[in-house]
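# Survey of secondary and tertiary structure
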Amino acid sequence: MSGAASTRHRVAVSTQPDSVLALQGLSEQEVAERQQAGLVNTQNTATSRTTAAIVRSHLFTMFNLVLGLCGLAVIMLGSWLDTLFLLAAIANVVIGFTQEFSAKRQLDKIALLRRDPVSALRDGKLVRVPLDELVLDDVVLLKRGDQVPADAVVLTSDGLDVDESLLTGENDPVGKKPGDQVLSASSVIGGSGRVRLSAVGAKSRAAKITAEARQFTTIHSELRAGMERVVTWITWALVPIIAVVLNGQMQAAGGWQVALETGSWRDALITSVSSVASMIPQGLALMTTISFAVASVKLAKSEVLIQEQPAVEVLARVDTVCFDKTGTLTEGGVRFESARLLDGTVLARAEGQQEVRLAGGHDVGKNPGWQGALAWFGADDNANPTAAALKEPFAQLTKGQGLEEAQALLPFSSALRFSGVEFASSGAWILGAPEVLLSPGSAPALRAGELAASGLRVMVLGHAPALTRDSSGRVAQQVPQGLDPQFFVIFREQVRSEAPATLAYFREQGIDLKVFSGDNPRTVAAAAQAAGMDTSAGAVDASTLPEQGPELVEAALTHSVFGRVSPEQKKNMVLGLRQAGRVVAMTGDGINDALALKHADLGIAMGNAAPATKAVSRLVLLDGRFDRLPSVLAEGRKIIANIERVTNLFLTKTAFAIFLGLILGILCWQFPFLPRQYSTADLLIVGGPAFFLTMLPNKRRYVSGFLSRALHYAIPSALVITAVLVLVIGYGHSHAGIATSEVQTATFIALVLMGVYNITTVTRPLRGVRLLIVAGMYLGLALVLDLPPSLWYHQFTLPSGSYLLVTLGAAIMGCLLIEVNLQLHNRWLRTHHREVIEASQAISKEGS
């Protein structure tokens, strides 16, 4: 063991008793020992991923290498007009880098701890110490408004109340007594105390969450995964294909020796570049990226921020939506519901927007000052979140009367579970938990339990002649003598108005719904029921479940409503659902949700979420409205369905380019396209129509396996197109007097005629905009072949006589065979992928 490690072991725990440590703190020597041993509260500032790594991942790919070498060859030969094929590759690199660098910046901003100095006790004196200079066993003084700088153990407590909702999701403040643990990043909302730091730096709870949240992960997109699979296949095949193509073009130029001696190798290299560049489907990735970008801009107008573009597609594939209760299903906090006598008689009830109406004709006891007392509790600057909900409604009810000045106060603490105030006119009023202020087993206590079981939050308002005081005249922290419980004060969590309709929509779409909350299971079940969920099975108390393992996953699969869920359980339930084959979306707003959002297929943060939670999410509902999600689902479905359409086109193009390159290479025939000619053909048969097709409305339900369906159609169509083009090229080669430019033009005509017909196979029914797209591409073909500037640029010479008739006849035959392939493909879909046909038919019925 090294010296530093030995020192670390010796100082791992302070040797001073806690009673002494609470008065003296650490000495300078003890602080120095811990600093030397590295037991310092240093915060991890490592970034999620370096900029250089992002650049490498997008720039240095096999496709970019091949296209870059092709472009370099064309430029070195001085044929600048043949470099248009590089534009799609450059756009892909720029867009991909920009998107990932933006995600990196969001992850690097994650920080749960404020950087303010804290009050630490050293050598018996309180000193201000920067966060990064605290050491293990430091004694820190915490008071209202402070944030706990590291995990710690409470040494002394004077009504110390801590809000741990940021980490646990539990809304109610937690009272801390000596020996209790407090977690880093939680906040002190009442009282004060001294704590000993028990885990600092990377070992603290906040640091562990931050480190995991900062880890870089890419969102799982089936579209992107499918394209990467195609990229992998083509990448492995490119090396031998390039060799075959290049050799074939050199042989077509007279052989390697002749080509090198006469300079014809230049033309052979240009045609080789054209052949190889045509095999790479960079346009498909660009079209997908553009579709995501357009969807992101459109959704941004609806207050939905897409932080990683494939998130739109992922929501369309989601089959399980998990969400936190507070801030997602409910608005957060509570609202006053009613004030009732202990027999249940309603005295006042909230109506509409915080308006409170009194129910007249009831005897409210000897002292009618209860309204003023509730108004005072609500207006108190130190009111806890529940009491603060009384401020607005009772300020309206007592408007014009003013608040009486209090003679004595008993502040709320979680340990007491009640607070009190004393007035000269009406005596003392106590507001607190039924368990504290009511006799166990009494009729009012049972009634309070029934109300709580229905999901309401119940407090009791009691009256006493005065607050109890100790021998020194100070208010004692105890229930006053002669307390007479008189009223129930009832609060309700406000379910978001849009939640029931949104959840109903998801259920109609066959999506499973799960609620994971840190709150009381009964409260969670009541909110879920109010939102329209089936809660007949009750809510599961997750505190009785393990943090991870099969039992936890089984519960997540078989139940829908969970309370007392820890952040680790949320994360592990999400992971378990994914491992079971579910596609999971998780929504939330607190740090306690961050890890679950991070590990879900799609993390969705509410607009008021903590910065770290937003940073790890893929999608943010800026205005916090849950009902924005159906519109995101619709956009995702449109993208998936339309990309599947254009994938048929792109894969057909890629496949026939590979087949054609290999056959011509084996036959040693010259490739019949210059790069500029093929770029125009590509624009007419794929690029142009694909751009418009990806923007069309399409509500077809998501059906997995788009790549296998696309390949089933594309391969036979590519073989048809390849056979026709070989026929046209072969006719030109076998007849003397037909110039190379005529062969190129004839091949261009045949390819575009079949390629545009191929567009019709993915645009049916052919009407409206779809018909205009097809007609526009045929018109584009006519203009390319008719305008003199176009003929000069493309170096075209129109074929004539029998060659023109053979070209047109072969193209028509190819179109008929493409139609036959389409019918066979649809028959295969009806047999093996009936859900695709049904989904498409459902859209046709909607008139989409």
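Residues numbered from 1 in each chain as written. Predicted model: local features only at pLDDT ≥ 70, side-chain atom pairs only at ≥ 80, totals over all residues. Heavy atoms only, no water.

## Overview of the overall build of the chain
A tally of helices and strands in the chain yields 32 helices and 23 strands. Evaluated residue by residue, the chain yields a buried proportion of 54% over its 848 residues. Residue pairs in contact within the chain that sit at least 24 positions apart in sequence constitute 71% of those at least 6 positions apart. With the model as given, the accessible surface of the chain reaches about 35700 Å², and the carbon-plus-sulfur share is 58%. (Helix = DSSP H or I, 4+ residues; strand = E, 2+ residues; numbered from the N terminus. Buried < 20%, exposed > 50% of the residue type's maximum accessible area, 1.4 Å probe, protein only. Contact = heavy atoms within 4.5 Å. Areas by Shrake-Rupley, 256 points an atom, 1.4 Å probe, with all protein chains shown as cover.)

## With respect to the sheet that holds strand β18 (residues 512–516)
The 8 strands are arranged β8-β23-β22-β21-β9-β18-β20-β19 in an open sheet whose pairing can be described as mixed. Across the chains shown, the open sheet's two edge strands, defined by having one partner strand only, are β8 (304–306) and β19 (540–541). Bridge analysis of β19 against strand β20 (residues 561–563) gives 2 bridges, and the strand direction is parallel. Looking at the pairing, Val-540 lines up with Phe-562 of β20. In this fold helix α20 (residues 521–530) packs onto β18, β19 and β20, with an angle of close to 145 degrees to the strand it touches most, β20. (Pairing = 2+ DSSP bridges. Axes fitted to C-alpha atoms, helices over the stretch in contact; angles between N-to-C directions.)

## With respect to the confidence of the model for the chain
Detailed reading of the predicted model is not advised wherever pLDDT is low. Considering every residue of the chain, the mean pLDDT works out to 80; 82% of them sit at 70 or more. Between the elements of the chain, mean pLDDT differs from a low of 40, seen in helix α1 (residues 3–10), to a high of 94, seen in helix α28 (residues 740–760). Segment residues 1–12: pLDDT under 50, and 14 contacts once partners within four positions in sequence are set aside and those in other chains are kept. Counted against residues more than four places away or in other chains, residues 841–848, with its pLDDT under 50, gives 9 contacts. (pLDDT = per-residue confidence, 0-100.)

## With respect to the pairing of strand β4 (residues 151–163)
Pairing between β4 and strand β7 (residues 187–199): 10 bridges, direction antiparallel. The residue bridging Asp-158 from the neighbouring strand is Ser-192, located in β7. Pairing analysis gives 2 bridges linking β4 to strand β6 (residues 181–182), with the strands arranged antiparallel. Residue pairing across strands places Val-153 opposite Gln-181, the latter belonging to β6. Sheet topology places β4 next to strand β5 (residues 174–175); 2 bridges connect them, and they run antiparallel. Counterpart to Val-162 in the pairing with β5 is Val-174.

## A few points about a nonpolar patch on the surface
Residues Leu-69, Leu-72 and Met-76 make up a contiguous nonpolar surface patch of roughly 340 Å² in combined accessible area. Tracing the backbone shows Met-76 in helix α5 (residues 62–76). Among the residues examined, Met-76 registers a relative accessible area of 65% and is labelled exposed. (Patch = residues over 30% accessible without salt bridge, like charges linked within 9 Å, V, L, I, M, F, W, Y side chains within 5 Å. Salt bridge = Lys/Arg side-chain N within 4 Å of Asp/Glu carboxyl O.)

## Here's the deal with the packing of helix α26 (residues 675–693) against α28
Between two packed helices, what matters for the description is the angle formed by their axes and the separation of those axes. Following both chains from N to C, one finds α26 and α28 inclined at 5 degrees, their axes separated by 9 Å at the closest point. For the element pair α26 / α28, the angle class is roughly parallel. Counted together, Gln-677, Tyr-678, Thr-680, Ala-681, Leu-684, Ile-685 and Pro-689 of α26 and Gln-744, Phe-748, Leu-751, Val-752, Gly-755, Val-756 and Ile-759 of α28 form the full contact between these two elements. Taken together, the residues of the contact of α26 with α28 break down into 10 nonpolar, 4 polar and no charged. (Parallel < 35°, antiparallel > 145°, perpendicular 65-115°, else oblique. Nonpolar A, V, L, I, M, F, W, Y, C, P; charged D, E, K, R; others polar.)

## Considerations on the packing of helix α27 (residues 706–734) against α28
Interaxial distance between α27 and α28 falls to 9 Å at its minimum, and their mutual angle equals 155 degrees. On the basis of their axis angle, the class for α27 and α28 is roughly antiparallel. Considering the relative orientation of α27 and α28, their crossing is right-handed. Contact with α27, carried on its side by Tyr-713, Ser-717, Ile-721, Val-724, Leu-725, Val-728, Ile-729 and Gly-732, involves Val-743, Ala-746, Thr-747, Ala-750, Leu-751, Met-754 and Asn-758 of α28 and no other residues of that element. Within the contact of α27 with α28, the residues separate by chemical class into 11 nonpolar, 4 polar and no charged. (Left-handed = near helix turned anticlockwise from the far one by under 90°.)

## Side note on the pattern of salt bridges
The final tally for this structure, using the stated rule, is 20 salt bridges. Ionic pairing is found between Asp-324 and Lys-570, a salt bridge with its closest N-O pair at 3.5 Å. Of this pair, Asp-324 sits in the loop between β9 (320–323) and β10 (335–341) while Lys-570 sits in helix α22 (residues 567–579), and the two are 246 residues apart along the sequence. Comparing Asp-324 with Lys-570, the two get one shared label, buried. For Glu-337, the salt bridge goes to Arg-492, with nearest N and O atoms at 3.8 Å. Of the two residues, Glu-337 is situated in strand β10 and Arg-492 in strand β17 (residues 484–492); the sequence distance between them amounts to 155 residues. The exposure class of Glu-337 is buried, given its relative accessible area of 10%.

## Thoughts on the nonpolar core
Ranked by size, the top nonpolar core spans 109 residues in total, and within it Phe-323, Phe-748 and Leu-751 carry the most contacts. Here the element with the most residues in this core is helix α25 (residues 629–667); it accounts for 16 residues. Residues within four places of Phe-323 in sequence aside, it is in contact with Thr-328, Leu-329, Leu-503, Leu-513, Lys-514, Val-515, Phe-516, Met-533, Met-586, Thr-587 and Phe-626. Among the nonpolar cores identified, the runner-up in size contains 25 residues, and Leu-341, Ala-389, Leu-461 and Val-489 belong to it. (Core = buried A, V, L, I, M, F, W, Y, C linked by side-chain atoms within 4.5 Å.)

## With respect to the side chain of Thr-680
Tracing the chain through its elements places Thr-680 in helix α26. Residue Thr-680 is classed as buried on the basis of its relative accessible area, which comes to 14%. Thr-680 has contacts with Phe-748, Val-784 and His-794, leaving out every residue within four places of it along the chain.

## Here we look at helix α21 (residues 550–558)
If you check which residues of α21 are buried, you get Leu-552, Val-553, Ala-555 and Ala-556. In an axial view of α21, the angular spread of the buried residues amounts to 160 degrees, which keeps them on one side of the axis. Residues of α21 that are buried make contact with β18, β20 and α22. (Arc of directions from axis to C-beta.)

## Structural notes on the pairing of β7
As judged from the 5 bridges shared by strand β3 (residues 139–143) and β7, these two strands associate in the antiparallel manner. Opposite Leu-141, over in β7, you have Arg-194 as the bridge partner.

## What to know about the side chain of Asp-151
Structurally, Asp-151 is set in strand β4. Those residues within four positions of Asp-151 in sequence are excluded, and the remaining contacts are Val-182, Leu-183, Ser-184, Arg-196, Leu-197, Ser-198, Ala-199, Lys-203, Ser-204 and Arg-205.

## Details of unusual backbone geometry
Omega for the peptide link from Arg-764 to Pro-765 comes to 0 degrees, which places this bond in the cis form. Its location among the elements puts Pro-765 in the loop between α28 and α29 (769–786). The backbone of Asp-123 shows a phi angle near 55 degrees, a positive value even though the residue is not glycine. Tracing the chain through its elements places Asp-123 in the loop between β1 (118–122) and β2 (125–129). Residue Asp-123 is classed as partly exposed on the basis of its relative accessible area of 38%. Here Gln-795, not a glycine, exhibits a phi torsion of approximately 60 degrees, which is positive. When you line up the elements, Gln-795 lands in the loop between α30 (788–794) and α31 (801–832). What makes Gln-795 partly exposed here is its relative accessible area of 41%.

## Points about the packing of aromatic side chains
Centre distance and the angle of the planes are the two values used to describe a pair of aromatic rings. Scanning the entire structure with this criterion turns up 13 aromatic pairs. Relative to Phe-491, the ring of Phe-336 lies with its centre 6.4 Å away and its plane at 80 degrees, an arrangement referred to as edge-to-face. Of the two residues, Phe-336 is situated in strand β10 and Phe-491 in strand β17; the sequence distance between them amounts to 155 residues. Residue classification places Phe-491 among the buried residues on the basis of a relative accessible area of 0%. The rings of Phe-336, Trp-370, Phe-394, Phe-487 and Phe-491 are connected pair by pair, giving a single aromatic cluster. Looking at Arg-676, its charged tip hangs above the ring of Tyr-793, at a distance of 5.7 Å from the centre. (Phe/Tyr/Trp six-rings, centres within 6.5 Å; stacked < 30°, edge-to-face > 60°. Lys NZ or Arg CZ within 6 Å of the ring centre and 35° of its normal.)

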